[in-house]
Amino acid sequence: MSSELPTPGPIVILTGAGISKESGLDTFRDKDGIWARHSLEEVATPEGFARDPAKVHAFYNARRRQLAEPDLAPNPGHLALAKLEAEWPHPVLVVTQNIDNLHERAGTTHLLHMHGELTKVRCTACDAVLEWPGDLEVSTACPACARVGTLRPHIVWFGEIPLHMEEIDAALSACSLFLSIGTSGNVYPAAGFVHMVRSLGRAHSVELNLEPSQGASLFAETIHGPASQVVPAYVERLLAGLSDA
Ligand code: APR
């Protein structure tokens, strides 16, 4: 397994729920994860929303309220990625599967939310996408078109197409380093990014995760430990490599 530092160039970083775990947000598939307590089919599919929109709203309202809790904050993993973007001499793109806003709160600006954002809602009638800090109810009228019952969380559910895929594919094709942080590698297309990077053969790939993920063997290098420790350490290694070059 190669632990060589790559030649400095563009970096793409895929993040998942594991990077936000130490900020106090639950992951999905760990023993105590969200899918151990909620039915994915009921709260994270278009069919579930059609059957019981109030249940789906209650699920996302609770998670949206967590983002507003005073002690919720980015952890050293998020902060290290913002530092990397600020100090790396080439483009750094964070592609997150997370719907929380901890990367932006840490200072990351070059960021794509491929599974949507908890702090936004979308109108299924007029397609308006609106900032939404509070609760959403079935009876809420769309502020853009005034229709009632047409707003939904701006979240990509199972069976729907992730956002920003063209931009993500272009960045993956051009990068010289691909990092995958805090994701179990169960959900496509994100789980397939490492295959794409490998097949192009241009980028070094590194997994940083608490434990080996589903696709760990596909990465050129794997580093296992809590994101709040392994991510800052890896970022410091990259930045130190710049001055050695
Ligand atoms: N530091 C690093 N990694 C961690 C930490 C931590 N402190 N805690 C947990 N992990 C790892 C777990 O070992 C696991 O491999 O994070 C990973 C989280 O995996 P999942 O719960 O499957 O989350 P994720 O991969 O982001 O899920 C992908 O699935 O349900 C959907 O749409 C949802 O975006 C989500 C997608």
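One structure accompanies this document, and this report is about it. (Residues numbered from 1 in each chain as written. Predicted model: local features only at pLDDT ≥ 70, side-chain atom pairs only at ≥ 80, totals over all residues. Heavy atoms only, no water.)

Glancing now at the side chain of Asp100. Following the sequence through the fold, Asp100 ends up in the loop between β2 (92–96) and α7 (102–106). At 6.9 Å, Arg63 is the nearest oppositely charged side chain to Asp100, a buried residue that forms no salt bridge. A distance of 2.9 Å separates a polar side-chain atom of Asp100 from the backbone nitrogen of Leu102. Ignoring sequence-local partners within four residues, the contact set of Asp100 consists of Ser20, Leu25, Leu67 and His113. (Helix = DSSP H or I, 4+ residues; strand = E, 2+ residues; numbered from the N terminus. Buried < 20%, exposed > 50% of the residue type's maximum accessible area, 1.4 Å probe, protein only. Lys, Arg positive; Asp, Glu negative; His and termini not counted. Salt bridge = Lys/Arg side-chain N within 4 Å of Asp/Glu carboxyl O. Polar contact = N/O pair within 3.5 Å; in protein donor to acceptor, adjacent residues only side chain to side chain. Contact = heavy atoms within 4.5 Å.)

Along the chain, Tyr188 connects to Pro189 via a cis peptide bond; the corresponding omega equals 10°. Checked against the element boundaries, Pro189 lands in the loop between β7 (177–181) and α9 (193–200). We note that Asp127 has phi near 70°; this positive angle belongs to a residue other than glycine. Topologically, Asp127 is positioned in the loop between β4 (116–123) and β5 (129–131). Asp127 sits in the exposed class, given a relative accessible area of 57%. Positive phi, normally seen in glycine, also occurs at His164, with a value near 65°. Relative to the elements of secondary structure, His164 occurs in the loop between β6 (151–155) and α8 (165–174).

Attention shifts here to the sheet that holds β6. The strand order across the open sheet built from 3 strands is β5-β4-β6, with neighbouring strands paired in antiparallel fashion. Unpaired on one side and paired on the other, β5 and β6 mark the two borders of the sheet. The sheet shows a mean angle of 45° between the axes of neighbouring strands, taken without regard to direction. As paired strands, β4 and β5 are joined by 3 bridges and run antiparallel to one another. In the sheet register, Val121 faces β5, and the bridge partner there is Leu130. (Pairing = 2+ DSSP bridges. Axes fitted to C-alpha atoms, helices over the stretch in contact; angles between N-to-C directions.)

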